[in-house]
Structure formats: structure tokens, C-alpha cells
Amino acid sequence: MSTPTTLLLTRHGQTIWHAENRYAGVSDIPLTDTGRAQADALARWATAHPVDAIWTSPVSRAVVTAAPACRALGLTPHREPDLRECDFGVLEGRTLAEFAAEDPQAAEAFRTDPVAHPFPGAEDPAAAAERGAAALRRIAAAHPGERVLVVAHNTLFRLVLCTLLSIPPGRYRSVFPRLRNAAISELLVKSDGSAALLSLNVPCEPDPA
């Protein structure tokens, strides 16, 4: 049996839309100055901890977040299309509060079960969970016994964590309310595809506050 792989799951740095709690999804939104500082902090963390490979979503905010760590470690990033964020349909660029003011019933249905009642025009969350989980399993299989930094997205990671940990995906918003920007969540993936969550939302650096 091959040695388990440690995946270091990291949400990309802050963007303008995320600072305002707007859904970015497939929209290509750049990092803020804070987001770029978070990427630099991630690089410092990576140089102080064993990291054998780096994989990212193809969306630029994830690629840019991973870039300082790649430079610091001399690693070439691998891009995985199936790590892209979910498409949020009519919520792209908007807040949930704005949507609720327009369609309170649909917003409440989403809050109750976001997988059974996704936003109009959005990607099927169950399908997104499966593509993301399959991507992480492929990455783990390619790096047995190694520690791999994976930079991607908040909703996709939460859906994937539910899938890999046998939690109903419809509970992703309550079980994992938010993954912090550039924080580390450590996931151990075994050769049979099963997984164990070792840590969640660990900051790269102490909060200066």
C-alpha cells in the first residue's frame, strides 16, 4: 500500500469582490493589496514547512496567490482545470443579501440546502463537488508520501471536504462556514481515496491584531 499524501489546501488571497462578500465564482477578479500580502505570507510559510509540489486552480486569483511560493521554492506550479471555483450563475458579482432582496424565497431555499437549491443558472454543486474531489484524489495519487500545496477556492474546497469526509454536501455552509484567505487546511489522502482532516483554517502567520 502506498504512503498517504498530505494535501495543504489553501484558499486564494483576498479580492475586491471577496472583501465585499460578493460571489466571484468563474469571474476573473484580481487580488487586492491585502490579497497579495497574503500570497507573500503563504510563500514565507511554504519555505518554513516541507512542500514537495504546488497545484492550483487555473483561475488567475489562485495562480497569482501561488506564485510567490513557487518562486521561493523553485517549483513549477501544476494547473488543474477541475479545481476552478463553482459558477454561481446570477449571483456572480452580487451578494446574497442583494439576491434575497430580489427573490427572498429562492434565497431562503439556498440557505436551507445550497446543493438542492443552487442559484439560478449556477453549476450543479453536487457535480462541482465530484469534479473537485476527483481532482484532489488524482493529485494525491501523483504524489504518494509527499506534501502538496493546493491553491483553489472557498466554495469548491468546502464542497470537496464534505464529499471526502462523508458529510452531506448540502451542509457545507454550516459545517465549514468559511475558509480564510491563504490559511492552511491539512488533508491526509490515502491510496484508496479516503481522507482525514488534520487541521482547518490555520493562519500562515499570526494575526497582527
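Quick look at the structure, then. (Residues numbered from 1 in each chain as written. Predicted model: local features only at pLDDT ≥ 70, side-chain atom pairs only at ≥ 80, totals over all residues. Heavy atoms only, no water.)

### Some thoughts on the overall build of the chain
When helices and strands are counted, the chain shows eight helices and six strands. Ordered by position from the N terminus, the helices and strands of the chain form the series β-α-α-β-α-β-α-α-α-β-α-α-β-β. The C-alpha atoms of the chain give a radius of gyration of 17 Å, which matches the 17 Å a tight globule of 209 residues would have. Projected onto the principal axes, the alpha-carbon positions of the chain cover approximately 50 × 40 × 30 Å. Per-residue burial for the chain yields a buried fraction of 50% across its 209 residues. Expressed as a percentage of contacts within the chain between residues at least 6 apart in sequence, the contacts between residues at least 24 apart total 69%. (Helix = DSSP H or I, 4+ residues; strand = E, 2+ residues; numbered from the N terminus. Rg over C-alpha atoms; globule rule 2.2 N^0.38 Å. Buried < 20%, exposed > 50% of the residue type's maximum accessible area, 1.4 Å probe, protein only. Contact = heavy atoms within 4.5 Å.)

### Structural notes on the pairing of strand 1 (residues 5-11)
Strand 1 sits mainly inside the fold: seven of its seven residues count as buried. Residues of strand 1 alternate between two faces, with T5, L7, L9 and R11 on one and T6, L8 and T10 on the opposite face, all of them buried. Looking at chain direction, strand 1 and strand 5 (residues 184-189) are connected through six bridges and run antiparallel. Bridging across to strand 5, T10 finds its partner in I184. Judged from the six bridges that link them, strand 1 and strand 4 (residues 147-152) form a sheet pairing that is parallel. When the sheet's bridge partners are listed, T10 is paired in strand 4 with V151. (Pairing = 2+ DSSP bridges.)

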